[in-house]
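# Structural features, examined
Here's the letter readout for the chains.
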Amino acid sequence: EFFQWNIDMLGYESPEADAEMAAIAAVFFRSIGLGPADIRILVNDRRLVEKQYNGVDIPPQKRVEVFRLVDRKDRMTERAWAEQAAEVLKSHGLPRD
């Protein structure tokens, strides 16, 4: 199963603030008896992904759909994802590499 816990820190934009958020999650999980074998803490930064999209010429108006496709990758078979990716790329006239 997949559960998502959203915590926001307002007014701070630094790697240290991000690390503190991960530490909060780790302390919580430890406090309820879960350890590294039970959970994974994943960190996502859309700004870094945006830079990658800039590097492969995905236009800003197409990125929402591409973000959605990337977000679904782990929940789809490789073949189904590849087919959907090809369709998204084709419908937007994007390169298929």
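For clarity, every value in this text was computed on a predicted model and none was experimentally measured.

Thresholds, definitions, all that
Every chain begins its residue count from 1, and numbering advances along the sequence as written. This being a predicted model, a pLDDT of at least 70 is required before a residue's local features are given, and a value of 80 or more before pairs of side-chain atoms are given or counted; all residues contribute to the totals for chains, interfaces and linings. Heavy atoms throughout the structure, all of them, feed into the side-chain values; hydrogens and water do not. A pocket, in this scheme, is an open set of points on a 1 Å grid over the protein atoms alone with protein on both sides within 12 Å along at least 5 of 7 lines, while a cavity is a set where a 1.4 Å probe fits but cannot get out; residues line either one if an atom lies within 4 Å of a point. Grid points are joined across faces, edges and corners, and a volume is the space filled by probe spheres set on the points. Helix and strand assignments come from DSSP, with helices taken as H or I runs of at least 4 residues and strands as E runs of at least 2, each series counted from the N terminus. Just so you know the grouping, Ala, Val, Leu, Ile, Met, Phe, Trp, Tyr, Cys and Pro go in nonpolar, Asp, Glu, Lys and Arg go in charged, and all remaining residues, Gly too, go in polar. What makes a nonpolar core is a set of buried Ala, Val, Leu, Ile, Met, Phe, Trp, Tyr and Cys residues whose side-chain atoms join them at distances within 4.5 Å. Buried means the residue's accessible area, taken with a 1.4 Å probe over protein chains only, is under 20% of the maximum for its type, while exposed means over 50%, and partly exposed covers the values in between. The contact rule is simple, with two residues in contact once any of their heavy atoms fall within 4.5 Å.

In this structure, the largest pocket spans a volume of roughly 1,800 Å³. Residue lining of the largest pocket: 36 residues in total, with Gln 4, Trp 5, Leu 42, Val 43 and Asn 44 positioned closest to the centre. Of all the secondary-structure elements, those providing two or more residues to the lining of the largest pocket are helix H1 (15-31), helix H2 (46-55) and helix H3 (63-72). In terms of residue count, the dominant contributor to the lining of the largest pocket is H1 (seven residues). Residues of the lining of the largest pocket, tallied by class, amount to 20 nonpolar, four polar and twelve charged.

The next subject is the nonpolar core. Counting residues in hydrophobic clusters, the biggest one holds eight residues: Tyr 53, Ile 58, Val 66, Phe 67, Leu 69, Trp 81, Ala 85 and Val 88. Looking at this core, the elements with two or more residues in it are H3 and helix H4 (78-92). In this view, Phe 67 contacts Arg 46, Val 49, Glu 50 and Tyr 53; residues no more than four positions away in its chain are not counted.

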